Amino acid sequence: FWATWCGPCKLEMPWFQDLENKYKAQGLVVLGLDQDDGMAAQEVAAASKRVGVTYPILMPDDAVSKSYQLSDYIPETYYVDKKGKIVDQTIGAHSKDELEADVQKAIASGGM
């Protein structure tokens, strides 16, 4: 979960792109879920392009945010296995090494 105004989100997004490229063969798929209120999809797409990502950016409704019980902070990252089970969650910005370790842990869980 990210927003166009979120500096830490824009820092992490290219890292997620790199990780998707690196671990795609092992089943990693990255999805960005935008949390901007009332922003047009075209503006969100332009913002994600500016930070260099090509993975899908989704425009979820409030029901999605409620179902994930989002905190008041972003970025918020969920690692979900192929069966839809959340295997890990992080809130706030993390280093690229920490993100990669979380990805590796999720892949090792056998779910991805």
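To start, this report covers the structure provided alongside it. (Residues numbered from 1 in each chain as written. Predicted model: local features only at pLDDT ≥ 70, side-chain atom pairs only at ≥ 80, totals over all residues. Heavy atoms only, no water.)

In the case of a regular strand, side chains alternate between the two sheet surfaces. Inspection of the sheet shows strand S3 (residues 76-80) paired to strand S4 (residues 86-91) by 5 bridges, in the antiparallel sense. Paired with Val-80 across the strands is Ile-86, a residue of S4. Joining the antiparallel neighbours S3 and S4 is a turn of 5 residues, in which Gly-84 adopts a positive phi near 90 degrees. (Pairing = 2+ DSSP bridges. Helix = DSSP H or I, 4+ residues; strand = E, 2+ residues; numbered from the N terminus.)

At a closest axis distance of 10 Å, the pairing of helix H1 (residues 7-23) and helix H4 (residues 96-108) adopts a crossing angle of 40 degrees. Here H4 runs oblique to H1, going by the angle between their axes. Taken as a pair, H1 and H4 cross one another with a handedness that is right-handed. Along its contact with H1, which presents Glu-12, Trp-15, Phe-16, Asp-18, Leu-19, Lys-22 and Tyr-23, the element H4 presents Lys-96, Leu-99, Glu-100, Val-103, Gln-104 and Ile-107. (Axes fitted to C-alpha atoms, helices over the stretch in contact; angles between N-to-C directions. Parallel < 35°, antiparallel > 145°, perpendicular 65-115°, else oblique. Left-handed = near helix turned anticlockwise from the far one by under 90°. Contact = heavy atoms within 4.5 Å.)

Geometrically, a pair of aromatic rings is defined through the distance of the ring centres and the angle of the planes. Evaluated as defined, the whole model comprises 3 aromatic pairs. Pairing Phe-1 with Tyr-78 gives two aromatic rings, centres 5.9 Å apart and planes at 80 degrees, and the pair type is edge-to-face. A residue pair is termed long-range when its members are at least 10 positions apart, and Phe-1 in the segment before H1 and Tyr-78 in strand S3 qualify at 77 residues. In terms of burial, Phe-1 and Tyr-78 fall into one category: buried. For the ring pair Tyr-68 and Tyr-78, a centre distance of 4.7 Å and an interplane angle of 65 degrees mean the geometry is edge-to-face. Residue Tyr-68 is found in the loop between helix H3 (62-67) and S3, and its partner Tyr-78 is found in strand S3; the two are separated by 10 residues along the sequence. Judged by relative accessible area, which is 15%, Tyr-78 ranks as buried. Grouping aromatic residues by their ring pairs yields a cluster made of Phe-1, Tyr-68 and Tyr-78. (Phe/Tyr/Trp six-rings, centres within 6.5 Å; stacked < 30°, edge-to-face > 60°. Buried < 20%, exposed > 50% of the residue type's maximum accessible area, 1.4 Å probe, protein only.)

Right, let's talk about the environment of Val-80 for a bit. One can find Val-80 in strand S3. Spatially, the C-alpha atom of Val-80 lies 22 Å from that of Asp-36, the residues being 44 residues apart in sequence.

Residues three or four positions apart in an α-helix share a direction because the helix packs 3.6 residues into each turn. Between its first and last C-alpha atoms H1 spans 25 Å; for 17 residues at 1.5 Å apiece the expected length is 24 Å, and the two agree. For H1, the set of buried residues is Cys-9, Glu-12, Met-13, Phe-16, Gln-17, Leu-19, Glu-20 and Tyr-23. Taken together, the buried residues of H1 touch helix H2 (41-50), strand S2 (57-58), S3 and H4. (Expected span 1.5 Å × (residues − 1).)

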